[in-house]
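# Understanding the architecture of this molecule
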Amino acid sequence: MANLTLLYAKAALTGFTRRGDVLPESSLDAEVTVDPEHLARYDKVCGFGVRDELPITYPHVLGFGLQIRLMTGPGFPFPLPGLVHVANRIRQHRPLRATEPLSLHVALTDLRPHERGRQFDVVTTVAVDGEEVWVDVSTYLRREGAAAKEPSPRAEPPEPTARWRLPADLGRRYADASGDRNPIHLHPLTAKAFGFPRAIAHGMWSKARCVAAFEGRLPDAYEVDVRFKAPILLPGEVGFSSAPTGDGWRFALWSSRPHLEGVISG
């Protein structure tokens with residue numbers, strides 16, 4: 001994995017001067033083999049059972065260092081601090097095994113307007129023996145100005161099927177397993193420097209924890225699409241709810257407000 005601590009330091013020192021209107025036409029590739037001990041740490045913190053099959057969310061952390069390298073590299077138009085991860089969609093065409101060598105490819109694409117600024121996608125693909133078997137699309141928002149917000153009726157939280165208590169050190173534990181050491185997740189003091197009252201949980205941890213709740217009920221090929229709604233403060237408690245749909249499941253995480261909404265489809 002890339003040295004993400006150094007990359008975050010680089011972003012903090014140089015990123016705030018960045019301005020631009022186009023994404024660089026660049027991509028990165030890597031050949032990866034899974035470390036069983038690393039996989040076991042990831043499985044434990046996210047609630048998956050330890051087994052040879054990779055959780056659908058696990059390849060995201062294998063490619064995360066490449067994603068950050070692109071977003072701190074030459075020509076990237078936005079400062080990394082302040083980017084908001086608003087959505088993530090992953091499709092796997094078949095299960096991936098821990099023993100398979102994985103070919104990763106990461107690229108930036110589709111810079112487009114958003115009502116609160118601009119957004120773009122980071123697309124990570126995994127191939128095995130030249131066959132694409134897994135695709136991840138992470139959407140990031142660059143806020144610009146203050147967009148007017150239409151008042152919306154206050155929704156009632158769905159009836160939870162489970163409640164999860166999240167410890168204060170969850171961000172640090174997931175950072176150890178994922179490499180994502182963004183300071184907003186690590187400690188109350190570093191989170192406060194970015195406007196949060198306490199450290200917040202990683203969005204991709206919350207997605208992985210939700211998928212883990214369906215373990216044993218998912219097909220070999222499927223897609224998980226989520227929207228991140230509001231940060232989860234640590235420590236905290238969230239309610240998880242799920243309901244079947246025609247070809248999968250709909251699920252959500254709530255406390256006093258929605259934190260994540262997602263759909264699993266075949």
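Please refer to the structure placed before this passage.
Quick summary incoming for the structure in this document. None of the values given here were measured: they were computed from a predicted structure. (Residues numbered from 1 in each chain as written. Predicted model: local features only at pLDDT ≥ 70, side-chain atom pairs only at ≥ 80, totals over all residues. Heavy atoms only, no water.)

### Examining the packing of aromatic side chains
- Under the criterion given, the structure shown has eleven aromatic pairs.
- Ring centres of Y42 and Y58 lie 5.2 Å apart, and the angle between their planes is 70°; on these two criteria the pair is classed as edge-to-face. Of this pair, Y42 sits in helix α2 (residues 36-46) while Y58 sits in helix α3 (residues 58-71), and the two are 16 residues apart along the sequence.
- Between F214 and F240, the ring centres sit 5.9 Å apart and the planes meet at 75°, which makes this aromatic pair edge-to-face. (Phe/Tyr/Trp six-rings, centres within 6.5 Å; stacked < 30°, edge-to-face > 60°. Helix = DSSP H or I, 4+ residues; strand = E, 2+ residues; numbered from the N terminus.)

### As for helix α6 (residues 203-212)
- Across the ten residues of α6, eight count as buried, placing the element largely inside the fold.
- Listing the buried residues of α6 in full gives M204, W205, S206, K207, A208, C210, V211 and A212. (Buried < 20%, exposed > 50% of the residue type's maximum accessible area, 1.4 Å probe, protein only.)

### Focus on the packing of α2 against helix α4 (residues 170-178)
- It is at 8 Å that the axes of α2 and α4 come closest, and there the two elements cross at 150°. Of the possible angle classes, the one that applies to α2 and α4 is roughly antiparallel. As α2 packs across α4, the resulting crossing turns out to be left-handed. From α2, H38, R41, Y42, V45 and C46 reach across to α4, where they touch L170, R173, Y174, D176, A177 and S178.
- Looking at side-chain class alone, the contact of α2 with α4 contains six nonpolar, two polar and three charged residues. (Axes fitted to C-alpha atoms, helices over the stretch in contact; angles between N-to-C directions. Parallel < 35°, antiparallel > 145°, perpendicular 65-115°, else oblique. Left-handed = near helix turned anticlockwise from the far one by under 90°. Contact = heavy atoms within 4.5 Å. Nonpolar A, V, L, I, M, F, W, Y, C, P; charged D, E, K, R; others polar.)

### Focus: the packing of α2 against α6
- Interhelical geometry of α2 versus α6 gives an angle of 80° and a closest axis separation of 9 Å. It follows from the interaxial angle that α2 and α6 lie roughly perpendicular. Contacts between α2 and α6 involve Y42, V45 and C46 from the former and W205, A208, R209 and A212 from the latter.
- Residue classes in the contact of α2 with α6 are distributed as six nonpolar, no polar and one charged.

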